[in-house]
Amino acid sequence: MASKFEHPVLIELSDSARAGFRGLAAEKHLQRLGINIPDTPNLATYGDELAVLRLSPKEFWLLQHPLAEDSPLDKVQDAALPAQDVYRLFCRDSHAWFWLVGDRAADVMAKVCGVDLRAVVFPPGTIAQTSVARVNAIVVHQTLGNDTCFNLLCDSAAAEYFRRCMLDAMAEFGGQCMEREQLLTIVNQG
Amino acid sequence: MKIMHCPLNGPRNISEFVYGGDVRQMPQPDECTDKAWAEYVFYADNRAGVVTEWWLHTPSGYWFIAERHTVTDDIVRTYDASDMFQQRIDFMVAGSDKEEQ
Amino acid sequence: MMTRLPAPAGLFINRDKPIDFSYEGRRLAGFEGDTVASALMANNEALMSRSFKYHRPRGPLTMAGQDANTLMQVGGEPNVLADQLPLTPGVAVTGQNYNGSLQHDRSSLLGWFGRFMPVGFYYRAFYKIPFLRSFKTWPLWEPMIRKMAGLGVLDLAFTPEYYDKCFLFHDVVVVGAGPAGLMAALTAAHGGASVLLVDEQPQLGGSLTYHRFDIDGVEADKLRADLVAQVEANNNIQVLTKAVCNAWFTDNFLPVIQGKRMYKVRAKECIVASGAFEQHVVFRNNDLPGVMMASAASRLIKQYGVAPGQRAICLTGNDDGYMTALDLQEAGIEVAAVVDMRAEPEQTDVLAALQSRGIAHYAGHTVYEALPSAGNRGIRGAELRAITGQGKVASQGKSIDCVVVCMSSGYMPVYQLLCQAGGQLNYHDGSAAFTLTNLPKHLHIAGSVNGRHALSAVLADGERAGRVALHQLGLSEKVPSDVFCSRQVNFDWPIFSHPKGKDFVDFDEDLQAKDIINATRMGYRDIQLVKRFSTVGMGPSQGRHSALATARLVAKATGRTVTETGVTTARPPFAPEKLAHSAGRMFDPYRRTRMHQRHVELGAQMMPAGNWQRPAYYGTTSQRQACIRDEAWHVRHQVGVIDVSTLGGIELRGPDAVEFLERMYTFGFAKQPVGKTRYAVMTNEHGVVVDDGVACRLSDQHFYVTATTSGVEGVYRNMMKWNAQWRLNVDIANVTSAFAAVNVAGPLAREVLLDMGADIDLSPEAFPYLGFRECTLAGMPARLLRVGFVGELGYEIHVPSRFGEALWDAVMGAGKTLGIKPFGVEAQRLLRLEKGHIIVGQDTDGMSHPGELSLTWALNYKKPFFVGRRSVDILMAQPQTRQLVGFTLPANSLKPEEGHLVLQGDDISGNVTSCEFSPTLDAIIGMAFVGIDQAAVGSKLPIRVDGGKRIFAEVVAMPFFDPDNQRQAL
């Protein structure tokens, strides 16, 4: 099947649900809630509902798929924490969230990031905690249909700066910004 | 640009890291002499050879330890700080029997 | 009129696409694919520049962008390499560095005075005129001399263009796409590696695009077609042409410049197949138009279809010169002679080829002097002499008519990148050959840069390097063996000084053989000193041609070998690099609070605070002072609101949260009740105050600690580092960006909060000064801190940052009827100064311990440890030498600025750290470090203000305003 995103597209998802948990008992807590946890740090699992990021042996971020039908993250958020060794993180507010979608996503990133993000070395399901346009960022490779989709999470206070840098980097590939609703339309076509 | 192998994140440009100084043993702050304390705070060995240093991977906020040869600038080995600091360190009120568990 | 040789000559040009351009105001034509220089040569314009010092006419030397002779003015851009710049329609090209016209340069008279203008002449002669030693006359002469050596004209009205940078990742990068590079790239790609192939030329092939490798002249084309087709068909190879790799940095990090982009290439393995620079022969007038490298003549013919002239001599020290002669003759150019400096060629068939074509041959001869035509604008012949010894010639010679002398004394490896990588360049005095050793593990060389010159050996060496790279990548088990090559290409002494000089070693800097020798006689024996004294190798070609000749001359003059003498250091960049390439598309991150848009709407003047953008004040710049005073007045009399989202925030959670806090900050926190805040001072291991903030206790095991805007990053790092050692059970999170916050301050602050609707009791009894509450405020989850930073009843409201804008709107909405006004950082600075509150980093420096800042009350000695405690103890036990104090001056006095010095007698005893005019107090107030015996209240402080004037301020007790702190405790 062909790519639906010949030109790269940037979608800001900062309003979408996400949560983070950290602590020695965080893995166990999430597993008890039925979350599929990656084995080692800097790997991610993802599906139609949630992407699960393992950022360290004891830190996990959950990103609710922006096109998910309901709110699978709610039950995770509502579940009580064990008394010790699990702490909620603030990634809903501390980090802005973008998707960069399309064939040329790795080429766009090469203009702003010093880590090799070509699929041969950075396959779907891998994470790079790195610097993007000199802002600390988490890059997660997942797929959207047949297209490459990079989750980009960066300091929420730098979101406006970050968006500008990404637009500049995308320009030579004909990239543009898009709203979530437009994305939904495209993904659901054919 | 040099590449450093982060124990958590793998090989990265050195620009992603911040140097945190030599790994040094703190003398017992309540018992050592002023001179020993001043040496700890102000003196650097500046050794030619393999030194043990703190490094921070800034994007992930992760401190680790690197062994680096100061003559060749080769990074010999990097590892998690827990390899070296395995036990909780406690300070006792002066006069009690021991300061570290 | 443009003249061209018939195809297949002219590989690079497209004869179907003529291009018009202008040269010195005249209209000329060239073809697409031409460089400016090749198009000029096609129009018989060999004179392209005037030399730097003597204004001698110069023409193309290398035709490869490796010399300064073709530096020209192109439009608004000076110093463009015309033999590298692609010809574009309508481009206006002029010469530079002349007085009059390029053809008739009045300054060329300087050449006649050459003997009176030794190295350093201008500087030594004009810096101080000997008989007027007391007057420095250099400033008078400098502009005139600079004009004489002017290098083009800058267009100051230029429009900035878009330059950018991009990372590029490959397993293998191959620098140079000649036969060795092509083979290396193909070998590596076939073995499964992803390969980047970089070359300066517009087409792949390197020497295959111009050099003749066999007598029939067919091999290069055949091989090139074959290899290029293979490269183009290989998906593992990415090709960058017209691209220059400008440096080698650690771990194969290579800046490759192509057009307006700098690629930052990172490769696991790097193969440098950069080739070799042909070297010139030093003889009289070897710099005039018409004298060029043999390879330049071949390039003109093969790449551009241009005849370098109608009658030529080939002066050579290797067999390649014979091949050039065959090229010339095949192109219909009369070859008057092949002059071989050696006794005989290495291969006998090249001599037979000359003889069968009727080309005259002189073995053991050299060109001793090129005979200039009128005005030195070219040559009309050459005088040949038999070589009688090293650098010596027979007393009589023979003149031969010619307009071109092609010279080749051998090759020097293009070693620059390799020496940047720590490689060692070795010269073998016997064979006059070079080797490069000591290369880093993942850097390899192949081809002529590796001393392999026979084509078969070059190809084999390329393949070998490709295999070595594969082996290093773990893609091949075989370790290939070295390639043997016996071809010798360097003549050991191609230097024939002439008593009348103009025997140039360095064309860029107009340095003759005697200039180098004189430098050694003046005591500069070290090659680096010779360079600095004579400026040899400092010109645009950076010693590409002068380094070897200089090393030889210095070696001989100082009785050493070339190996002992060495060559000067090669540093990046390899080729001249525009500043735009480094400066283009820089990343300069900025951070904005969630209320930023509201500030802009309210007319805020933004200022940087670290990388944050914060409102300095609200209003126009012309009303700055009035705005700040008005904002401050409002806080004192009604109510104001300031965005404090930039304040650092750190969450400490877990069983050891208290213990951790106790270790990181000086105060005691163990007994801090839940629902209370406590001032927190942080010292470093030196006992110096490095940050402060407020610690809020949310529960037994949960603290929220604020930190300064610019300090929080360091505080967080510091905390993480300490706990990597202590291993306390505490979770440390930097939540700065996760919270948006405002400080609502002023007598009416409580009214604002009441109006917003809080689900807690806001009465002073229920929520007193220094209290902390979590609540729902205007429907938002909020953390409330009762603070007194500006000295009024005040509430800091912290909410998750997604509510930031809503919080601002709610506060402004609730405060509307109460006359709320936003205030900026400037007003806050004034207000807190009135209260004598320090700002760490402004009112402290790298030595300020708690005693100097009157913060001893914030030290807790009941706990066993805090970072810096031992140092604080040691410092406090010593006599204190200075103190931070408050001072006042009358309102109409001169106002000291931050950094102005406090004096004690003639000595400096301290400095002003903050100073403002306070409308509330109608006085100038400030803080300053002062000598300890100046610190008593009432003492008079001499402060030296702008212009050196001394004013006297009076030390007063702080706070300046509301000394009993009653207003904030309301």
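Refer to the structure printed above.
Bear in mind the structure is a predicted one, so any value in this text is a computation, not a measurement.

**Section: the sheet that holds strand β20 (residues 379–389) of chain C**
Residue and element names in this part refer to chain C.
Part 1: On the basis of which strands lie adjacent, the open sheet formed by 3 strands has the order β19-β20-β21 and antiparallel pairing. Of all the strands in the sheet, the pair left with one neighbour each is β19 (365–372) and β21 (392–401). Each strand axis lies, on average, 30° off the axis of its neighbour in the sheet, ignoring direction.
Part 2: Of the pairings in the sheet, the one linking β19 to β20 comprises 7 bridges and is antiparallel in character. Bridged to Pro372 within β20 is Ile379.

**Quick notes on helix α5 (residues 159–170) of chain A**
All names here are of chain A.
Part 1: With 12 residues, α5 extends 16 Å from end C-alpha to end C-alpha; this agrees with the ideal 16 Å at 1.5 Å per step.
Part 2: Burial in α5 covers these residues: Ala159, Tyr161, Phe162, Cys165, Met166, Ala169 and Met170. Seen from one end, α5 has its buried residues packed into an arc of 165°, which puts them on one side.

**Let's talk about the side chain of C:Glu383**
All names here are of chain C.
Part 1: Inspection of the secondary structure assignment puts Glu383 in strand β20.
Part 2: Overall, Glu383 belongs to the buried group, its relative accessible area being 15%.
Part 3: One polar contact links Glu383 to Arg385, side chain to side chain, over a distance of 2.7 Å.
Part 4: Excluding residues within four positions of it along the chain, Glu383 makes contact with Thr366, Val367, Tyr368, Glu369, Leu371, Gly397, Lys398 and Ser399.

**Here we look at empty space enclosed by the protein**
All names here are of chain C.
Part 1: Under the criterion given, the structure shown has 7 cavities of 30 Å³ or more.
Part 2: Each pocket or cavity is described by its volume, and for the largest cavity that value is around 90 Å³.
Part 3: What lines the largest cavity is Gly65, Gln66, Asp67, Leu81, Gln84, Glu200, Pro540, Ser541, Arg544, Phe574, Ala575 and Pro576.

**With respect to the sheet that holds strand β15 (residues 291–293) of chain C**
Strands in a sheet are paired, the pairing made by backbone hydrogen bonds, and the direction either parallel or antiparallel.
All names here are of chain C.
Part 1: The strand order β15-β22-β16-β17-β18 describes an open sheet built from 5 strands, whose pairing is parallel. The strands lining the two open edges of the sheet, one partner per strand, are β15 and β18 (361–363). Taking each pair of neighbouring strands and ignoring which way they run, the sheet shows an average axis angle of 20°.
Part 2: Relative to strand β22 (residues 404–408), β15 runs parallel, the two being bridged by 3 bridges. Its bridge partner lying in β22, Met292 is registered against Cys406.
Part 3: Sheet contacts for helix α6 (residues 294–304): β15 and β22; angle to β15, the most-contacted strand, approximately 85°.

**Digging into the interface of chain B and chain A**
Part 1: At the junction of the two partners, chain B supplies 9 residues and chain A supplies 12 residues.
Part 2: For the pair chain B and chain A, the summed buried surface comes to about 700 Å²; carbon and sulfur atoms form 47% of the total.
Part 3: The three residues of chain B that bury the most area against chain A are B:Leu8, B:Arg12 and B:Pro59, which together make up 59% of that side's buried surface.
Part 4: Run the count over chain B and chain A and you get 0 salt bridges.
Part 5: Joining chain B to chain A, the criterion identifies 4 residue pairs in polar contact (both at pLDDT 80 or more).
Part 6: Class assignment of the residues belonging to the side of chain B that touches chain A gives a composition of 2 nonpolar, 5 polar and 2 charged.

**Details of the packing of α6(C) against helix α7 (residues 320–330) of chain C**
Residues and elements named next belong to chain C.
Part 1: Relative to each other, α6 and α7 sit at 30°, their axes nearing to 10 Å. It follows from the interaxial angle that α6 and α7 lie roughly parallel. Considering the relative orientation of α6 and α7, their crossing is left-handed. Contact residues: Ala294, Ala297, Ser298, Ile301 and Lys302 in α6; Thr324, Asp327 and Leu328 in α7.
Part 2: Tallied by class, the residues present in the contact of α6 with α7 amount to 4 nonpolar, 2 polar and 2 charged.

**Overview of the interface of chain C and chain A**
Part 1: Taken together, the contacts link 34 residues of chain C with 32 residues of chain A.
Part 2: Both faces considered, chain C and chain A share a buried interface measuring about 2800 Å² in area, 48% of it formed by carbon and sulfur atoms.
Part 3: Joining chain C to chain A, the criterion identifies 7 salt bridges.
Part 4: The closest approach of N and O atoms between A:Asp168 and C:Arg585, which form a salt bridge, is 3.3 Å.
Part 5: For the pair chain C and chain A, the interface holds 22 residue pairs in polar contact (both at pLDDT 80 or more).

**A few points about the nonpolar core**
Generally speaking, soluble globular proteins have nonpolar side chains that are buried together.
Part 1: In terms of nonpolar packing, the biggest core is built from 82 residues, with C:Phe21, C:Phe283, C:Ile313, C:Leu315, C:Leu328 and C:Val405 touching the most fellow members.
Part 2: Membership of the second largest hydrophobic core comes to 55 residues, among which are C:Met412, C:Phe533, C:Val536 and C:Ala555.

**As for the environment of C:Ser356**
Part 1: Mapped onto the elements of the fold, C:Ser356 is located in helix α8 (residues 348–356).
Part 2: The sequence separation of C:Ser356 and C:Asn860 amounts to 504 residues, and the corresponding C-alpha distance is 102 Å.

Reading the values: rules and limits
- Residues numbered from 1 in each chain as written.
- Chains lettered and ligands numbered in written order.
- Predicted model: local features only at pLDDT ≥ 70, side-chain atom pairs only at ≥ 80, totals over all residues.
- Heavy atoms only, no water.
- Pairing = 2+ DSSP bridges.
- Helix = DSSP H or I, 4+ residues; strand = E, 2+ residues; numbered from the N terminus.
- Axes fitted to C-alpha atoms, helices over the stretch in contact; angles between N-to-C directions.
- Expected span 1.5 Å × (residues − 1).
- Buried < 20%, exposed > 50% of the residue type's maximum accessible area, 1.4 Å probe, protein only.
- Arc of directions from axis to C-beta.
- Polar contact = N/O pair within 3.5 Å; in protein donor to acceptor, adjacent residues only side chain to side chain.
- Contact = heavy atoms within 4.5 Å.
- 1 Å grid on protein atoms, 1.4 Å probe; cavity = no way out; pocket = protein on both sides within 12 Å on 5 of 7 lines; lining within 4 Å.
- Points joined across faces, edges and corners; volume = space filled by probe spheres on them.
- Buried area = accessible area lost by both parts, 1.4 Å probe.
- Salt bridge = Lys/Arg side-chain N within 4 Å of Asp/Glu carboxyl O.
- Nonpolar A, V, L, I, M, F, W, Y, C, P; charged D, E, K, R; others polar.
- Parallel < 35°, antiparallel > 145°, perpendicular 65-115°, else oblique.
- Left-handed = near helix turned anticlockwise from the far one by under 90°.
- Core = buried A, V, L, I, M, F, W, Y, C linked by side-chain atoms within 4.5 Å.

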